[in-house]
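This is what each chain is made of:
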Amino acid sequence: REGDPVLLFDAGDFLGGGAFAWLALNGSASELAIMQEMGYDAVTIGNHEYDYGPDVLVQYLLKAGYPEAHQETLVLASNTEAPSDHPLAVRSLYRNTGMFELENGLKVGVFGIVGKDAVLAMGDSREVQFLDQHQTARQMVDELEEQGADVIVAISQSGIDEDRQLAREVLGIDLIIGGHCHTALHEPVLQGTTIIVQAGSLGMYLGQLELAYDPNTDNVRVRNEESNHPFLITIDSSFTCDPQIVALVEKYTLDLNAYV
């Protein structure tokens, strides 16, 4: 509904998969810079963020303004464990959890998970380790509940099958926003009381999930059908382009052409 608070999340693989990713080798953070300008609240690190190895990822995140930029767009990697002397850890370039307090007073806690299949698909993570998804998720849920979260969201680069398993094995997750398997879910998957959504890949769709929270029962329900709004919105030429985003894309296009 108009005036309702909105959060915008991405489930990872924002760096790899396209020609603009080559700019990361030239000290650019084009994708994340554009996402920051678009107003993303949080993203998770997926397998493709390691396409060029953790050292390039470090430089990418530094170029994008982290750790200070966590205040703008939070980068989550809850089951990632970099060595204590590695720049990813030393510079706090990723975080385990985040908390968003909305205008209506609702507290939404988030954490980010990379799944087993995604880890197997990584090009080169070197000394960076990835902890058990379920054990980490239980710990994150406990921490967020202690911090007073009303709603808990897992941003998952794992795939639908692993997301279902996560929902079965870990209680307390209200919503899983998924990626990795590139599935366009035109309606949510329900696993117990956990809502699982995914918006495909390559920017074809914008996922739109409308939720209602009942403070008396602590239940979260989907209300898209009540408002007659689709879960996936096709991104096409019917939308007016934002001049600032167009200018950024044009800038990085020139950079890419010069790099090639």
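Above this text sits the structure in question.
The paragraphs below set out a description of the structure included in this document. Just so we're clear, the structure is a prediction, and the values are computed from it rather than from any experiment.

1. So, the overall build of the protein
Here's step 1: The helix and strand tally for the protein stands at eight helices and 15 strands.
Here's step 2: On C-alpha atoms alone, the protein measures out to a radius of gyration of 18 Å, which is about the 18 Å that the 2.2 N^0.38 rule sets for 260 residues.
Here's step 3: Along the three orthogonal principal directions, the C-alpha set of the protein runs to about 55 × 45 × 30 Å.
Here's step 4: Per-residue burial for the protein yields a buried fraction of 47% across its 260 residues.
Here's step 5: Of the roughly 13,200 Å² that the protein leaves accessible, carbon and sulfur atoms contribute 48%.

2. Overview of a nonpolar patch on the surface
Here's step 1: Taken together, the side chains of W22, L25 and Y259 present a nonpolar region at the surface, about 290 Å² in accessible area.
Here's step 2: Classification of L25 as partly exposed rests on a relative accessible area of 46%.

3. Notes on the environment of I235
Here's step 1: Secondary-structure assignment places I235 in the loop between strand 15 (232-234) and helix 8 (243-259).
Here's step 2: Residue I235 is classed as partly exposed on the basis of its relative accessible area, which comes to 45%.
Here's step 3: Residues within four places of I235 in sequence aside, it is in contact with G203, M204, Y205 and L206.

4. Digging into the packing of aromatic side chains
Here the distance between the centres and the angle between the planes together describe a pair of aromatic rings.
Here's step 1: Under the counting rule described, the total for this entry stands at three aromatic pairs.
Here's step 2: A centroid spacing of 5.7 Å and a plane angle of 90° characterise the contact between Y50 and F130, whose relative ring orientation is edge-to-face. You can see Y50 sitting in the loop between strand 2 (42-44) and helix 2 (54-63) and its partner F130 sitting in strand 7 (residues 129-130), a full 80 residues away along the chain. As far as the burial class goes, Y50 and F130 line up, both buried.

5. Quick look at the layout of surface pockets
Here's step 1: Counted as a void, the second largest pocket has a volume near 330 Å³.
Here's step 2: Around the second largest pocket sit 18 residues that line it, and G172, I173, D174, T193 and D218 are the ones nearest its centre.
Here's step 3: Of all elements in the fold, only helix 6 (160-169) and strand 14 (219-222) reach the threshold of two or more residues within the lining of the second largest pocket.

6. Considerations on the side chain of S158
Here's step 1: You can see S158 is positioned in the loop between strand 8 (151-157) and helix 6.
Here's step 2: A distance of 3.3 Å separates a polar atom in the side chain of S158 from the backbone nitrogen of G115.
Here's step 3: Within polar-contact distance, the side chain of S158 engages the side chain of S156 at 2.8 Å.
Here's step 4: Those residues in contact with S158, other than ones at most four positions away along the chain, are I113, V114, G115, Q133, D163, G179 and H180.

7. Observations regarding the sheet that holds strand 1 (residues 9-10)
Here's step 1: Spatial strand order, 1-2-3: three strands in an open sheet with parallel pairing. The sheet is open, and its two edges are formed by strand 1 and strand 3 (74-76), each paired on a single side.

8. So, the side chain of Q191
Here's step 1: Within the secondary structure, Q191 sits in strand 10 (residues 189-191).
Here's step 2: Q191 gets classed as buried once you look at its relative accessible area, which sits at 16%.
Here's step 3: Polar side-chain contacts of Q191 include one of 2.8 Å to the side chain of R164.
Here's step 4: Once you skip the residues sitting within four places of it in the chain, Q191 turns out to touch R164, A167, R168 and I196.

9. Things to note about the nonpolar core
Here's step 1: L32, Y50, Y60, L61, Y66, V75 and L88 are the most contacted members of the largest nonpolar core, which totals 30 residues.
Here's step 2: Of all the secondary-structure elements, those providing two or more residues to this core are helix 1 (30-38) and helix 2.
Here's step 3: Not counting residues up to four positions away in its chain, the partners in contact with Y66 are L32, Q36, L61, T73, V75 and L93.

10. Observations regarding the packing of helix 1 against helix 8
Here's step 1: Two elements in contact, helix 1 and helix 8, have axes whose closest approach is 10 Å; the angle formed by their N-to-C orientations is 175°. Considering their axes alone, helix 1 and helix 8 lie roughly antiparallel with respect to each other. Together, S30, A33, I34, E37 and M38 of helix 1 and Q244, I245, L248, V249 and Y252 of helix 8 make up the contact between the two elements.
Here's step 2: Looking at the contact of helix 1 with helix 8, its residues break down into seven nonpolar, two polar and one charged.

11. Examining unusual backbone geometry
Here's step 1: Of note, the amide linkage connecting Y66 to P67 takes the cis form, showing an omega dihedral of 15°.
Here's step 2: Notably, H182 is not glycine yet its phi reads approximately 65°, a positive angle.
Here's step 3: Looking at the element boundaries, H182 is found in the loop between strand 9 (175-178) and strand 10.

Calculation rules
- Residues numbered from 1 in each chain as written.
- Predicted model: local features only at pLDDT ≥ 70, side-chain atom pairs only at ≥ 80, totals over all residues.
- Heavy atoms only, no water.
- Helix = DSSP H or I, 4+ residues; strand = E, 2+ residues; numbered from the N terminus.
- Rg over C-alpha atoms; globule rule 2.2 N^0.38 Å.
- Buried < 20%, exposed > 50% of the residue type's maximum accessible area, 1.4 Å probe, protein only.
- Areas by Shrake-Rupley, 256 points an atom, 1.4 Å probe, with all protein chains shown as cover.
- Patch = residues over 30% accessible without salt bridge, like charges linked within 9 Å, V, L, I, M, F, W, Y side chains within 5 Å.
- Salt bridge = Lys/Arg side-chain N within 4 Å of Asp/Glu carboxyl O.
- Contact = heavy atoms within 4.5 Å.
- Phe/Tyr/Trp six-rings, centres within 6.5 Å; stacked < 30°, edge-to-face > 60°.
- 1 Å grid on protein atoms, 1.4 Å probe; cavity = no way out; pocket = protein on both sides within 12 Å on 5 of 7 lines; lining within 4 Å.
- Points joined across faces, edges and corners; volume = space filled by probe spheres on them.
- Polar contact = N/O pair within 3.5 Å; in protein donor to acceptor, adjacent residues only side chain to side chain.
- Pairing = 2+ DSSP bridges.
- Core = buried A, V, L, I, M, F, W, Y, C linked by side-chain atoms within 4.5 Å.
- Axes fitted to C-alpha atoms, helices over the stretch in contact; angles between N-to-C directions.
- Parallel < 35°, antiparallel > 145°, perpendicular 65-115°, else oblique.
- Nonpolar A, V, L, I, M, F, W, Y, C, P; charged D, E, K, R; others polar.

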